[in-house]
Structures are given as C-alpha cells and as structure tokens.
Amino acid sequence: MREHVKGLIPVISLGLFALAGALISGTQVTYAHEISITLTLIAVAIGYHIYLHGIRSLRHGNVTAQLFATIAIFISVVAGLVLPSASATGTAEAVGYLTAAAIVAFIILAGMTLEDYIIHRTRGALEKLINMSPTTARIRRDGVEVEMPIDEVKIGEIVLVKPGDKIPVDGTVISGHSTVNQATITGESIPTEKIVGDHTFAGTLNEHGALEIEVEKIAEDTTLAHLIQLVEEAQEKKAPIQNVADRFTTYFLPIMAVLASVVFAASYFTFDFEVALARTVTVLLVACPCALSIAVPVAVAATIGNASMNGIIIKGGTHIEKLKDVKLVAFDKTGTLTVGEPRVVEIKTFGNYSEADTIKYAAIAEKFSEHPLSKAIIAKATGMSMKIPDPTDFKTIPGHGVDAHYGNKHILIGTKMIETEISEEANQLMSMVESEGKTAIPIALDEHVIGIVVVADTVRENSLEAIQRLKRLGIKTAMITGDNMRTAKSIAEQIGIDEYHAELLPEQKVAIIGEMKKGNVVAMVGDGVNDAPALANADVGFVMGAAGSDVAVETADVALLGDDLTKVEYAISLSRKAFNRMKGNIVYAFIWNVVALSLAAFGILNPVLAVVLAEAGCISVVINSALLLLSKPKPLAKIKG
Amino acid sequence: MNIEKVILNASKTDCTGCRTCATDYEADNLRHAIARLNGISKVKVDEITGKVTIEYDTQRISLSKITERIEKLGYQVEILSREEIQ
C-alpha cells in the first residue's frame, strides 16, 4: 500500500503546480505572467516519467503512445513559449498552451498511476498467496526450542507448530494430531485431519492441535512456492485471441503518425498553422492503443488469479480459450470420481450377532494383513472406536481369505475358506451385492456364517454435483475406466454420467479420447498418474488432487489442487466469462479509438479532452478485466449454459 | 558467502507501444519474482531502461537459474556484466 501512496506524490504535485500556475496568471501580482509560466513548466517537468519512456522507445526504434504524448506535450510547450506575440492576448494564449500541456501531462500520469494500482490489485491474488507462507519457524535443536528465519531451517529438522499457527514447511507429521485448513493450497476450506505420517504444506493453517513436523522442503522448494511460480508464469502466457489485438496494434501507431501528418497538412491549408498544430496534437494524444493492448493480458492475469484462489491452476491463456469450448468431459473412475480405496459400505448380520460383533471378529483375523480389503475392515473397526485384540494365530491364503483363532474361537473369512454350507439367504444376498459391483466378504465364527461385510470403492461426496453442474452448462459427461463393466455401470448410475466405457487398457483410453475429439472439444479429468497419456491426448487435461505432486501439476493443463470435482465446472464457466470479457474489451477499445480519432481529426476535440478520452478508454478496459478477479462459483441451481 | 553482482538487460519482445508497459507494475513484478528466489541479496529493476541489477550468493543459486526464472516470465535476457564483489 505504501508504494501506491508514493506513486501519488508526482501526480498530486504535478496537479498542484499546474493549478497554481493557472490561478496566478489571472491575478494582478507583479510578474504574474512569469510566475505562472514558471510554475506550469515545473508542472510539465514533473511528468518526466512519460518523456523518458517516450525517448527511450525512440532509441529502440519503437513508436509508442508515450512518444506521441511526449511530442504532443513538447509541441504545446514550444508553442506556448514561442508563438504568442508580446501583446496582452498573446500572454493569455501562452498560458493557455502551457496549461494545456500541464493538464495533459497530469491526466496521463494520473491514468498511468491508476492503471498501475488496478493491475497491482489484480496481481494481488498472488500477493495474498505469498503472504501465506510464514517467514520464521519454531525448531527443536539439541532439545531446546528456538525460533528462526525459515531460510536457516535445515531439511530433516523438527518444526513445532502450535494450534492456530501457520505451518512453515512442507513435511511429515511425526507427532501430534490436529486438523489443518489447506484452503491456501486446495481452495477447499473444510479442514483436513492430520495424524502421524500425514503430509503437510507450508502456508496452511494448523487449527486445534499441536504438531511436530519433520522438514522435507523449505522456502522456494515448497508446494506453495512452486504454485506461486506457476501462477506467475501462467499469467504471462498469452491467449491466442491476443494475436488479434496485437496484429492491430502493430500497425496502429505508424498509421496514426501518418494520420497526424495528413491532419496537419489538411488543416494547415484549410485553416492556419495554429489550428493545424492544435489538431495534430489532439490526434497524437487520442491515438492510444492501450485499451487494445491490455484488453487481453489483464483479463488473463485476473482469470488465472481468480482460479488460483479457488485451488485451480490454469496454466496459461491458451487453456482459457480451450476451456470455454469444452463440449465433453471424460472422467477417470478410480481415484477421480471415486475415493480410490475400498471402504466398508454395509454390514449384514445373521442370527443373534450384531454389526459390531461381525466387524470385531473380522478385524481380529485381518489385523496383520496388508490387503486393501483388510485395511477397509480395520479402518471400519477403528472408526467404530473398537480396540482390536491380536489373533492367537492366523494364516492368510492369498486369493482365498483368512483362517484365524482368537482364544477358543475359530474365525474364517472369505467364500472359499468357508467349507460349511452357506445359507440360501446369505448366498442370495452375496450375489445381489456383487451384481452392484461391490465385494461381499462372508465372516464365519466356529463354522457358522455370522455376517457379510460389503466393501466397495465409494463415489466421492461431490462427484454427483460435479456431473450435475456440467450438465447444466450443456456439457456431456463420460467415464472411462479399466475396471469391470458391472462396477462401472453401478457408479455411472449413481452419479448420472451420460456414457461409460469400461475394461479399458491405458492405450484404449487414449484411443477413446481420440474418438470423442471428433467434432468435440474434450476435457479429461484424472489423477495424472496412470492416465497421463489419455490426459495428454485430450484438448484440456485436468489433474485432480495435484497438490504435493510436482509431476501431476506439470503434466496438467489445469491442475485442481484439491479433490473437489465441482471445480471443473467453475474452471469452464470462468473461462467462458473471461473470454467474452476479452472479446468485448477488444471490440469496445476498437470502437472507442475510431470514434475518438474521428472527433480529433475534425477538430471537435481539444487536446485536454482527447487525453481524457484516451485514458478513460484505457482505464475502463483495465477495470472491466480486473473485475474478473471477483467472480465466484455459483450455487448449482443458478448455473445456466 | 560468495556474492556476485550481475547486470542484465531484460526486455519484452512483444511490446505494442501502449502506455501500460510504462507503468511500474511490470518492473515490480519482475523485482518480486527475483527477490523470492533463494540466495538473492539485492535486486534493482530500472523500469525505464529495463536494466536489472542482482546481487546473489553463488553458493546458493546459479546465474542460469536466475535467468531461467526471468525468461519464464516472458523476458529476453542479455547479460551485460558480471563481477565478484565479496
């Protein structure tokens, strides 16, 4: 903020000098005229920034708007000093020319400063991210706690994070238990639970528990720092539509130079030298391609900034233009639409046994097994706050199940392990569950089946909403998976996806994306690990859950840092809005220039009005673009295609 | 600590001659981006000439890493001078 205030000093002092010069010229003070001229000249001189730029551009062989402004102001100053005769009216005229020059300099400088401020605010999204990373860390060294600058922390050291503090490093929790708000990284404000072994990101907020974290990455190597760099680079990457504006602006200023000469010659022969001079100056001042040149880049920066605050990294202007045209979104299933890990979704019991009994005996038998299905059962038991005793003995038979003893009880898990007759009821139940694409695990206690644990990969909480949102935009959805047809069908039905393709090998996924691309702009959403080729083949590749994996972020065109699939719709909606804004800006800037130029050429504008028009056109485009930063995701019901 | 001072010329090739480039924000952006790299002790960006003066610790960062960062932000980099100062 202080920098911006500093930027106002030349603007204000220029204005004050110009005002003082104009006011004093009408008074009876001795040497009023001379004082007025001096004050006004000082005012003009304060705008030196403009002239330096103008002259510098000449050295590089460029014609710039700054150069035009410099010439216009220079002409006015010389005209004010040389042209008027020594008569009384001449004096007033001199002051008139000089005051006009000072006012023009004032408006340009004020306009520049305002634009500067707005563009800074647009980039402010990034500044906010940067300020998220703490500059110091509390470290335990030789048993003593010390606070030190983050630069001096070494990898492998232990950082202590109190409740309510920001986590200063990327690392692994080695002690403690807490929830952490990772909105800085993922854009999702629901806190994530962190226990021993979990990964933490620098810049995220530790909520209620103390944590001890082993340092893995610091300063510029952290996920947050990488994201900041990525966003900065993405903001510099042009959108193709900018070529339209650039092609125009390349010729714009040279043409304006010619036009200015024509206007000068025409009005010199029609009227007189002074009229010719005034009109030429006016044309030079109104000829500002700014509005056109910045119609796109500020919008790109604002869009990418907005997305990054929502946990979406769009890697450049090109992707904004592709996103706006997406007609079909293909999702990977496992780990994308679904959680990717099997979970216990149902427990059926027989006889007098309760759900807790079934899970308890299953968990005892599975306690030392590393199988994903065993983990699902253990997780369920832990979730029901059970203490799981060790089995007396156990034996795992791969592909079959488990045979274990607990005290004098004999536990058998898995259809192939249970040799006694399974009841008709249990059998029916199991085939029904399996037809839904789930896995049924029977549990027997002392040769009697006491229950069935149903395990399945579950659909992510917001997958259904993500699909609904896309449908509201008029976008088709598809699921492509290597999994079996039954499971694919069941999941597709749960979330209402338009089409699904199952039992695909990775290269078949690539081919299917190729098929879909015929006549459609296709986006693909995956986890970036085993579906990288298919992602690369799509017009836009979304990688989800990308935080912490540099490779995933690298391969993506758009990286969703968290797991929230509804962001796919937001990225597309935002891009549509941004592109319309860019297009609108270009058209608006073009019309504005043509109108202002015509007015100037026919002498309807004076230099001061000309520069006001030019700056107003420019600033309105900048504001219009910067406003994209304030765009927010809409509730489902309000989305329209 | 092994401090080296380098002077670079950073220019954007695609300037369209609008007044916006002349605002400080381009220079500011560049300054912040460089300053956030590890091992940078001083950065000065002259927005009029495009001249960038950087002092950095050669043990912590290489010149090529610095220029790579500047290029990634859309600039063309030309090294004007380089000297060890400490």
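Computed from a predicted structure; not experimentally measured. (Residues numbered from 1 in each chain as written. Chains lettered and ligands numbered in written order. Predicted model: local features only at pLDDT ≥ 70, side-chain atom pairs only at ≥ 80, totals over all residues.)

(A) Layout of the overall build of chain A. Each helix and strand counted, chain A has 23 helices and 22 strands in total. At 35 Å, chain A has a C-alpha radius of gyration far larger than the 26 Å of a compact globule built from 641 residues. If one aligns the C-alpha atoms of chain A with their principal axes, the spans along those axes are about 120 × 65 × 40 Å. Within chain A, buried positions represent 48% of all 641 residues. Here the analysis covers contacts within chain A between residues at least 6 apart in sequence; of these, 67% occur between residues at least 24 apart. (Helix = DSSP H or I, 4+ residues; strand = E, 2+ residues; numbered from the N terminus. Rg over C-alpha atoms; globule rule 2.2 N^0.38 Å. Buried ≥ 20, exposed ≤ 12 C-beta atoms within 10 Å, placed from the backbone. Contact = placed C-beta atoms within 7 Å.)

(B) Just the overall build of chain B, in detail. Across its full length, chain B carries two helices and four strands. In sequence order, chain B lays out its α and β elements as β-α-β-β-α-β. A separation of at least 24 residues holds for 62% of the contacts in chain B among residues at least 6 apart in sequence.

(C) Broad picture of the packing of helix α17 (residues 463-472) of chain A against helix α22 (residues 566-601) of chain A. Residue and element names in this part refer to chain A. Running from amino to carboxyl end, α17 crosses α22 at an angle of 25°, the nearest separation of the two axes being 7 Å. The angle between α17 and α22 places the two elements in the roughly parallel class. Here α17 contributes Glu465, Ala466, Arg469 and Leu470 to the contact with α22, which in turn contributes Thr566, Val568 and Glu569. The class makeup of the residues in the contact of α17 with α22 is three nonpolar, one polar and three charged. (Axes fitted to C-alpha atoms, helices over the stretch in contact; angles between N-to-C directions. Parallel < 35°, antiparallel > 145°, perpendicular 65-115°, else oblique. Nonpolar A, V, L, I, M, F, W, Y, C, P; charged D, E, K, R; others polar.)

(D) Fine view of helix α15 (residues 372-383) of chain A. Residue and element names in this part refer to chain A. For α15, which comprises 12 residues, the first-to-last C-alpha distance of 16 Å matches the rise-based estimate of 16 Å (1.5 Å per residue) to within 8%. Among the residues of α15, those classed as buried are Ser374, Ala376, Ile377, Ile378, Lys380 and Ala381. Positive backbone phi, approximately 50°, marks Ser385, located one or two places after α15. (Expected span 1.5 Å × (residues − 1).)

(E) Focus on the environment of Ala72(A). Residues and elements named next belong to chain A. Tracing the sequence through the fold places Ala72 in helix α4 (residues 65-82). Residue classification places Ala72 among the buried positions, given that 28 C-beta atoms sit within 10 Å. Linking Ala72 and Pro240, residues 168 residues apart in sequence, is a C-alpha distance of 34 Å. Dropping the residues within four chain positions of it, Ala72 is found in contact with Val104, Val281, Leu284, Leu285 and Pro607.

(F) Spotlight on the domain arrangement of chain A. All names here are of chain A. We note that the domain assignment places domain 1 (1-130), domain 2 (136-219), domain 3 (222-311 + 575-632), domain 4 (312-338 + 460-574) and domain 5 (340-459) within chain A. For domain 2 versus domain 3, the separation of C-alpha centres amounts to 46 Å. Each partner contributes residues to the interface: domain 2 has 13 residues there, and domain 3 has seven residues. (Domains from an automatic or database assignment.)

(G) View of the sheet that holds strand β22 (residues 558-560) of chain A. Residue and element names in this part refer to chain A. Overall, mixed pairing links the seven strands, which are arranged β10-β22-β21-β20-β11-β18-β19 in an open sheet. Because the sheet does not close on itself, it has two edges, and the strands there are β10 (312-314) and β19 (499-501). Sheet twist, expressed as the mean angle between neighbouring strand axes with direction ignored, is 20°. Sheet topology note: the β10/β22 ladder contains three bridges and is antiparallel. Each residue of the ladder has a partner; that of Ile313, found in β22, is Ala559. (Pairing = 2+ DSSP bridges.)

(H) Region of the structure containing the sheet that holds strand β8 (residues 205-206) of chain A. All names here are of chain A. Pairing in this open sheet of three strands is antiparallel, and the strands run β6-β5-β8 from one edge to the other. Looking at the sheet topology across the chains shown, the edges are occupied by β6 (192-194) and β8. Looking at chain direction, strand β5 (residues 178-181) and β6 are connected through three bridges and run antiparallel. Each residue of the ladder has a partner; that of Ser178, found in β6, is Lys194.

(I) A look at the pairing of strand β2 (residues 144-149) of chain A. Within β2(A), only zero of the six residues are buried, which leaves it mostly out in the open. Counted between consecutive antiparallel strands, the loop separating strand β1 (residues 136-141) of chain A from β2(A) contains two residues, among which Asp142(A) sits at a positive phi close to 50°.

(J) How the structure looks around the nonpolar core. Residue and element names in this part refer to chain A. Val104, Ala105, Val286, Ile313 and Phe542 are the most contacted members of the largest nonpolar core, which totals 165 residues. It is helix α5 (residues 88-131) that contributes the most residues to this core, 19 residues altogether. Not counting the four nearest positions on each side in its chain, Val104 is found in contact with Ala72, Ile73, Leu285, Pro607, Val608 and Val611. Ranked by size, the runner-up nonpolar core spans 31 residues in total, among them Ala365, Val402, Ile452 and Ala456. (Core = buried A, V, L, I, M, F, W, Y, C linked by C-beta atoms within 7 Å.)

(K) Looking closely at the packing of helix α8 (residues 242-270) of chain A against helix α9 (residues 273-286) of chain A. All names here are of chain A. It is at 8 Å that the axes of α8 and α9 come closest, and there the two elements cross at 160°. Taken as axis vectors, α8 and α9 run roughly antiparallel relative to one another. At the point where α8 passes α9, the crossing takes the right-handed sense. Together, Met256, Leu259, Ala260, Val263, Phe264, Ser267 and Tyr268 of α8 and Phe273, Val275, Ala276, Arg279, Thr280, Val283 and Leu284 of α9 make up the contact between the two elements. Across the contact of α8 with α9, the residue classes break down as 11 nonpolar, two polar and one charged. (Left-handed = near helix turned anticlockwise from the far one by under 90°.)

(L) A look at the confidence of the model for chain B. Residues and elements named next belong to chain B. Looking at chain B, the pLDDT average stands at 81 and 83% of residues meet or exceed 70. Within chain B, helix α1 (residues 25-35) has the poorest average pLDDT of any element, 78, and strand β3 (residues 51-57) the best, 92. On the interface metric, ipTM, the complex scores 0.76, and its pTM is 0.83. (pLDDT = per-residue confidence, 0-100.)

(M) Region of the structure containing the environment of Gly39(B). All names here are of chain B. When you line up the elements, Gly39 lands in the loop between α1 and β2 (40-45). With 20 C-beta atoms packed within 10 Å, Gly39 lands in the buried category. Between the alpha carbons of Gly39 and Asn2 there is a distance of 10 Å; along the sequence they are 37 residues apart. Among all residues touching Gly39, those that are not within four sequence positions of it are Tyr56, Asp57, Arg60 and Ile61.

(N) Quick peek at helix α16 (residues 424-435) of chain A. End to end, α16(A) covers 17 Å across 12 residues, agreeing with the expected 16 Å (1.5 Å per residue, within 8%). Gly437(A) sits one or two residues past α16(A) and shows a positive phi near 80°.

(O) Representation of the pairing of strand β9 (residues 211-217) of chain A within the structure. Residues and elements named next belong to chain A. Where strand β3 (residues 158-161) lies against β9, four bridges are found, and the strand directions are antiparallel. Following the sheet pairing, Val159 is matched in β9 by Ile213. Two strands pair when backbone bridges link them, and strand β4 (residues 170-176) and β9 are joined in this way by six bridges, in the antiparallel orientation. When the sheet's bridge partners are listed, Thr172 is paired in β9 with Glu214.

(P) Unusual backbone geometry, seen in detail. In this structure, Ser385(A) takes a positive phi of about 50° despite not being glycine. With respect to the helices, strands and loops of the structure, Ser385(A) is situated in the loop between α15 and β13 (393-397).

(Q) Geometry of the environment of Arg138(A). Here Arg138(A) shows up in strand β1. Taking the C-beta count within 10 Å as the criterion, Arg138(A) has 17 such neighbours and is therefore assigned partly exposed.

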